[in-house]
Each structure stands twice: as C-alpha cells, then as structure tokens.
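# Residue-level structure breakdown
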Amino acid sequence: QVQLVESGGGLVQAGGSLRLSCAASANSFSIVTMAWHRQAPGKQRELVAAITSGGITNYADSVKGRFTISRDNAKNTVYLQMDSLKPEDTAVYYCNVRGRRAGQLSLTDYWGQGTQVTVSS
C-alpha cells in the first residue's frame, strides 16, 4: 500500500510562486514515475509534469519554462516548483505515483488527496 501526503498549495497573486511537495510511504513498492496532475472546475484532469526514477522529465506545454518538477528518491518525495503563476493555473493539484508491487510486473497508480492552488489576477 502507498500513502501520499501533499502540501504546499494556497492562494497567490499572478506572477507569484508556490512549491508543492508530495511524500510517498511505499512499503514493498518500487516507484517508477512520480507526477503532478491538476483539475480545474469543469475541466478534465490533466498531466502537469512527470519525472522518472532516472530524472527524465515531461511537462505540459502550458507550464514549460515556468514549472519545475524534481524528486528525492531517498525520501520518495516529489516537488513541483511553480513560478510566474497565472490565473489559469488555478486548480486542484494531485500527486500521482506509478510503480510495481513486489513480485509483480504490472504498474499500479496511487493518487494523493489533492491540494488547492488559486492564482488571483
């Protein structure tokens, strides 16, 4: 079982910054990818950024150059540094962990409870 604890959301003015953190407790579970997704009201959940255990990153076009994802493998923690925030970044941000349970080949996803990010204009 994997438990995810998110922190760092809040209210910020446009142009400001926030840093999200997500710590995973993962017994008998090998984490492959850690990611952040977001869901704005009335919209589908979308991938914001992802990072593999080897440090390969992937970003949504809308956040490239403004957001930076990083991870501490020793702590099973992923971070999302969000700079130059825009009102359209307002959403609930969800941490996602994908990996393998011990002895299994298939990949399993776990999700955090979500943290609200609100950017005022």
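Going by the structure above, here's the rest.
Quick summary incoming for the structure in this document.

Each value, and the rule that gives it
The residue count restarts for each chain, going from 1 along the sequence in the order it is written. The predicted nature of this model means local features are confined to residues of pLDDT at least 70 and side-chain atom pairs, given and counted, to a pLDDT of 80 or more, with totals for whole chains, interfaces and linings taken over all residues. Derived side-chain values reflect all non-hydrogen atoms in the structure, with water molecules and hydrogen atoms excluded from consideration. Strands are runs of DSSP state E lasting at least two residues, helices are runs of H or I lasting at least four, and both sets are numbered from the N terminus onward. For the exposure calls, accessible area comes from a 1.4 Å probe over protein chains only, and a residue counts as buried if that area is under 20% of its type's maximum, exposed if over 50%, partly exposed in between. The term polar contact refers here to a pair of N or O atoms within 3.5 Å; inside protein, the definition further demands a hydrogen-donor-capable atom paired with an acceptor-capable atom, and it admits residues adjacent in sequence only when both atoms are side-chain atoms. Note on contacts: a residue pair qualifies if any of its non-hydrogen atoms lie within 4.5 Å across the two residues. Only centres within 6.5 Å qualify two rings of Phe, Tyr or Trp (six-membered ring in Trp) as a pair; their planes then separate them into stacked at under 30 degrees, edge-to-face at over 60, and tilted for everything else. Geometrically, a charge over a ring is one whose NZ (Lys) or CZ (Arg) sits within 6 Å of the ring centre while staying within 35 degrees of the ring normal. The rule for a disulfide is simple: a pair of cysteine sulfur atoms within 2.5 Å.

## Considering the side chain of Thr77
Checked against the element boundaries, Thr77 lands in strand E8 (residues 77-82). For Thr77, a relative accessible area of 8% translates into the label buried. Engagement of the side chain of Thr77 in a polar contact is seen with the backbone oxygen of Lys75, the distance being 3.0 Å. With near-sequence residues (within four places) excluded, Thr77 lies in contact with Cys22, Ala23, Met34, Ser70, Arg71 and Asp72.

## Quick word on the packing of aromatic side chains
Under the defined criterion, the tally for this structure stands at one aromatic pair. Between Phe29 and Tyr110, the aromatic rings sit 5.4 Å apart at their centres with planes inclined by 85 degrees, giving edge-to-face as the arrangement. Of this pair, Phe29 sits in strand E4 (residues 29-39) while Tyr110 sits in strand E10 (residues 108-111), and the two are 81 residues apart along the sequence. Both residues of the pair, Phe29 and Tyr110, belong to the buried class. When the ring centre of Tyr79 is taken as origin, the NZ or CZ atom of Arg19, which lies over that ring, is 4.1 Å away. The ring of Trp111 has Arg45 lying over it, and the distance from NZ or CZ to the ring centre is 4.8 Å.

## Side note on the state of the cysteines
All chains considered together, the criterion is met by one disulfide. Across a sulfur-sulfur distance of 2.1 Å, Cys22 and Cys95 are joined as a disulfide pair. Measuring handedness by torsion sign, the sulfur bridge of Cys22 and Cys95 sits at about -80 degrees and is left-handed. With a gap of 73 residues between them, Cys22 in strand E3 (residues 18-26) and Cys95 in strand E9 (residues 91-101) connect regions that are remote in the sequence. On the accessibility criterion, Cys22 (0% relative accessible area) is buried.

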